[in-house]
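Letter by letter, the chains look like this.
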Amino acid sequence: MAKIQMTTPLVEMDGDEMTRILWKMIKDELLLPFVDLKTEYYDLGLEHRNETDDQVTIDSAEATKKYGVAVKCATITPNAARMTEYNLKEMWKSPNGTIRAALDGTVFRAPIQVKGIEPCVKNWEKPITLARHAYGDVYKNTEIKVPGAGKAELVFTAEDGTEVRKTIQEFDGPGIIQGIHNTDKSIASFARACFGYALDTKQDLWFATKDTISKIYDHNFKDIFQDIYDKEYKEKFEAAGIEYFYTLIDDAVARVMKAKGGFIWACKNYDGDVMSDMVSSACGSLAMMTSVLVSPSGVYEYEAAHGTVQRHYYKHLKGEETSTNSVATIFAWSGALRKRGEMDQIPALCDFADKLEKATLGTIESGKMTKDLALITSMENVTVLNSENFIKAIRESLEKMM
Ligand code: NAD
């Protein structure tokens, strides 16, 4: 069988620990036998980030801008323990944060639904994709613990010296104050990434804030979304037969619980933080979530939603068997290959991505799965496979399809 040819390389960002082990197995068993894989390789493993003073992360983000599609393995975000473990020169920043900032991107996460592992919300027939605005609000706040009576004011001083001043509260005793902000530029990028991704995936887009209470702050989000929609996306949405729907956050939450799924839910930073955990835990496992970073200019970086599965890696180092779920990492590859196929008009590559996903889900549906899924499945008589044998089982089924 001739291998599927690629024209443009994918930006390949390797990572750390157990996911780095899975990365190689996936390439060897599921990709290289079938695809003449072209990648531009960046090693974002912590050791190499440290050797390059984290330049490799910046370079990989620049390459992503150049080529348009990247696939990323989970990486360690260093903390104090990692400083010692890896003898680091510095506590390097989160690679995901660096890449997101460079691409000005929005992260879209969706559960991978499979028969036998149904979400606890029974009416969610299709995945709900969550888009979280990843800038500002309470994540970039300034807070004061008010010691006692006094006046709190909100002051803005323009470059020309003019002032806007409002009283927040006349305190008669101790309390607390918080200052938060966002920028029109960031909100607009978020809106464009959401509208673009909705068109790309042909799904409705929901957006919600608390604009009835926050008449300036949240209202600004609503207005920017509406304005960009009307000017740039309304006609395209109508042509694609999809809808943009704005409502209050409490109404959105109530509707989501009763909905069938199959739409994108755009959330402000805090709402997205909370709601993405709700959606993912209702759907079973972090290892069954896809995650893609999309820039407003249409650049894509695919990854798994989970971390490096450190505990399994230490077992692996001791020579013990692991049963680590590779589904989200496989879907990162299939997502990236499909997007590359779409951009370069290589239908065989898109078809391969579909088959890879089908083979993966089919393997689980036939009762062969990793331990994390065996613990939550409604299926009886399942076979628990180790990390390697699960990937080999997928290969068997993929070979039959090819
Ligand atoms: P983790 O996602 O690796 O693990 C969290 C829990 O979920 C663990 O109990 C783990 O066993 C389980 N789990 C996660 N993925 C699994 C899989 N594929 N198969 C089976 N079980 C799985 O998160 P953590 O333990 O908090 O972090 C470990 C490292 O990962 C940290 O160094 C952190 O910085 C990094 N991290 C990276 C990313 C990323 O690159 N996107 C995201 C989160 C955490």
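As recorded in an unreviewed UniProt entry, the chain goes by the name Isocitrate dehydrogenase [NADP], listed as coming from Jutongia hominis. Comment text from UniProt for the chain, heading Catalytic activity (unreviewed entry), reads "D-threo-isocitrate + NADP(+) = 2-oxoglutarate + CO2 + NADPH". One UniProt comment on the chain, placed under Sequence similarities (unreviewed entry), says "Belongs to the isocitrate and isopropylmalate dehydrogenases family."

(A) Just the confidence of the model for the chain, in detail. For the chain, mean pLDDT is 95; residues scoring 70 or higher make up 100% of the total. Overall fold confidence for the complex sits at a pTM of 0.91, while the interface term, ipTM, reaches 0.98.

(B) Structural view of the pairing of strand β12 (residues 204-209). Counting buried positions along β12 gives five out of six residues, so the element sits mostly inside the fold. Here four bridges tie β12 to strand β14 (residues 263-267), and the two strands are oriented parallel to one another. Each residue of the ladder has a partner; that of F207, found in β14, is A266. Pairing analysis gives five bridges linking β12 to strand β13 (residues 244-248), with the strands arranged parallel. Residue pairing for β13: T209 is matched across the bridge by L248. Where the polypeptide runs from β12 across helix α7 (residues 217-240) and back to β13, its parallel neighbour, the crossover connection is right-handed.

(C) Structural context of the UniProt feature "domain: Isopropylmalate dehydrogenase-like" (unreviewed entry) in the chain. Following the UniProt record, one finds the feature "domain: Isopropylmalate dehydrogenase-like" (unreviewed entry) at residues 9-394. In this annotation, residues 9-394 is assigned 45% helix and 22% strand; the end-to-end C-alpha distance for the span is 25 Å.

Parameters at a glance
- Residues numbered from 1 in each chain as written.
- Predicted model: local features only at pLDDT ≥ 70, side-chain atom pairs only at ≥ 80, totals over all residues.
- Heavy atoms only, no water.
- UniProt positions renumbered as here; feature names shortened; annotations may be inferred.
- pLDDT = per-residue confidence, 0-100.
- Buried < 20%, exposed > 50% of the residue type's maximum accessible area, 1.4 Å probe, protein only.
- Helix = DSSP H or I, 4+ residues; strand = E, 2+ residues; numbered from the N terminus.
- Pairing = 2+ DSSP bridges.
- Right-handed = clockwise from strand over helix to strand, strands pointing away.

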